[in-house]
Amino acid sequence: MLNRPQTSMETLLVGVDAGCRPVLEPLFESGALPALSSVFESGVTGSLESQIPPWTPSAWPSLYTGVNPGKHGVFGFLAFDGYDWDVVNATNVRERTLWELLDYHGKSSVVVNAPVTHPPGEIDGAIVPGYTAPEDPDCHPDGLLEDIRDEIGQYRVYAPRDADGRVRVEWYEQLVGMRGEAFRYLADRFDPDFGFVQFQQTDTVFHEFPGDDDAVRTVYEAVDQE
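Conventions and cut-offs
- Each chain has its residues counted from 1, running along the sequence as written.
- In view of the model being predicted, local features appear only for residues whose pLDDT reaches at least 70, and side-chain atom pairs are presented and counted only at 80 or more, with totals across whole chains, interfaces and linings using the full set of residues.
- Derived side-chain values reflect all non-hydrogen atoms in the structure, with water molecules and hydrogen atoms excluded from consideration.
- Numbering of helices and strands starts at the N terminus; helices are DSSP runs of H or I of at least 4 residues and strands are runs of E of at least 2.
- Contact definition: two residues touch when any of their heavy atoms are within 4.5 Å.
- Points on a 1 Å grid over protein atoms alone make up a cavity when a 1.4 Å probe fits among them but cannot get out, and a pocket when they form an open set with protein on both sides within 12 Å along at least five of seven lines; lining residues each have an atom within 4 Å of a point.
- Grid points are joined across faces, edges and corners, and a volume is the space filled by probe spheres set on the points.
- All amino acids are sorted into three groups, where Ala, Val, Leu, Ile, Met, Phe, Trp, Tyr, Cys and Pro are nonpolar, Asp, Glu, Lys and Arg are charged, and the leftover types, Gly among them, are polar.
- By definition, a salt bridge exists where a carboxyl oxygen of Asp or Glu is found within 4 Å of a side-chain nitrogen of Lys or Arg.
- Only protein chains enter the area calculation, which uses a 1.4 Å probe; residues under 20% of their type maximum are buried, those over 50% are exposed, and those in between are partly exposed.
- Two strands pair under a simple rule: DSSP has to find at least two bridges between them.
- Residues forming no salt bridge and having over 30% relative accessible area are the ones grouped into patches, like charges within 9 Å of each other and nonpolar side chains (Val, Leu, Ile, Met, Phe, Trp, Tyr) within 5 Å.
- In short, Shrake-Rupley with a 1.4 Å probe defines the accessible areas, and a residue's cover is counted only from the protein chains shown.
- Neither His nor the chain ends contribute to the count of charged residues, in which Lys and Arg are positive and Asp and Glu negative.
- For the purpose of locating charges, the reference atoms are NZ of Lys, CZ of Arg, CG of Asp and CD of Glu.
- Axes here mean lines fitted to C-alpha atoms, for a helix over just the part in contact, with angles spanning 0 to 180 degrees between N-to-C directions.

A.B. asks: Give a description of the environment of L145 that names residues and reports values.
C.D. replies: Tracing the chain through its elements places L145 in helix α6 (residues 144-152). Residues L145 and T204, spaced 59 residues apart in sequence, show a C-alpha to C-alpha distance of 23 Å. Beyond its immediate chain neighbours, meaning those up to four positions away, L145 contacts D136, P137, C139 and Y155.

In structure tokens form, the structure reads like this:
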């Protein structure tokens, strides 16, 4: 049984990268995702048009800033300064994030694994960066990553580079579990008004295991469990 902390959280945002209807509906019909299916059945759903370009490092900043790449400034995986380049990070996002705006209005947040959030800014609450961050990212507040590892054990952003085949899929399951455990721990510790936990392996599995329905089902079932 999962530990469900009691918090006064007003809003919870769960991000499932690549979790579109063509992926989810066959899994709903098979009974593989009872938790996610219940959200669709009891809530309101609709089709959304993606932004241009429809890539992870530009799309997630669009979601949490509310503006398109032309305004927030992240167009792809790389940022350029003349002929010099680097992987995009939070310093390339020119607009305020949702949790920064909430902080301004006196609301606290816990944000776990959101892409392009490293290095994190200072807010009332906690930020654990996700995709494009280094393997041992700076977190907010200082020392938070060590606290998480002390509390739940291992915490990683990515699967080990030498993991392959079924071992890599198993790592995806573990990474999903780490997100859930870390978020529950932080929600209990900080009791935020707003929570955001993102799952990236639901997209990674398609890139690394194209056409492997069993691998996809394994990862999405892990998310449903969390």
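Picking up after the structure, the text goes on.
A.B. asks: A description of the layout of surface pockets should follow, citing residues and the corresponding values.
C.D. replies: Roughly 230 Å³ of internal volume is contained in the second largest pocket. Looking at the second largest pocket, it is lined by 16 residues, and the ones nearest its centre are A90, T97, E100, P119 and G121. Class assignment of the residues belonging to the lining of the second largest pocket gives a composition of 8 nonpolar, 4 polar and 4 charged.

A.B. asks: Any chance you could break down the pattern of salt bridges for me, citing the residues and the numbers?
C.D. replies: Opposite charge on two side chains permits them to pair, given that their charged atoms come into close proximity. By the definition in use, this model includes 8 salt bridges. Taking the shortest distance from any N to any O, the salt bridge between K107 and E10 comes out at 3.2 Å. Taken together, the residues span a long stretch of sequence, with K107 in the loop between α5 (98-104) and β4 (109-112) and E10 in the segment before β1 (11-16) at a distance of 97 residues. E10 gets classed as exposed once you look at its relative accessible area, which sits at 56%.

A.B. asks: Requested: an account of helix α3 (residues 56-65), with residues and values cited.
C.D. replies: The element α3 is extensively covered by neighbouring structure, given that 8 of its 10 residues are classed as buried. Of all the positions in α3, only T56, P57, S58, W60, P61, S62, Y64 and T65 are classed as buried. On its buried side, α3 packs onto β1, α4 (69-72), α5, β6 (194-199) and α8 (201-208). Taken from the residues just after α3, G66 is the one with a positive phi, measuring 80°.

A.B. asks: Can you break down the pairing of β6 residue by residue, with the values?
C.D. replies: It is a general feature of regular strands that their side chains alternate between the two faces of the sheet. Burial analysis of β6 places 6 of its 6 residues in the buried class, which makes it a mostly covered element. Here β6 shows no split at all, with F194, F196 and Q198 on one side and G195, V197 and F199 on the other all buried. Pairing geometry for β1 and β6, over 6 bridges, is parallel. Counted as the bridge partner of G15 is Q198 from β6.

A.B. asks: Go over a negative patch on the surface with me, naming the residues and quoting the values.
C.D. replies: On the surface, E146, D150, E151, D188 and D191 cluster together into a patch of negative charge. If one sorts the elements of the negative patch by residue count, α6 sits on top with 3 residues. Checked against the element boundaries, D188 lands in helix α7 (residues 165-190).

A.B. asks: Report on the sheet that holds β1, specifying residues and quantitative values.
C.D. replies: Strands sit in the order β1-β6-β4-β5 across an open sheet of 4 strands; the sheet is parallel. The open sheet has two edge strands, β1 and β5 (125-128), and neither has a second partner. With direction set aside, neighbouring strand axes in the sheet form an average angle of 10°. The pairing of β4 with β5 spans 4 bridges and is classified as parallel. Bridged to V112 within β5 is V128.

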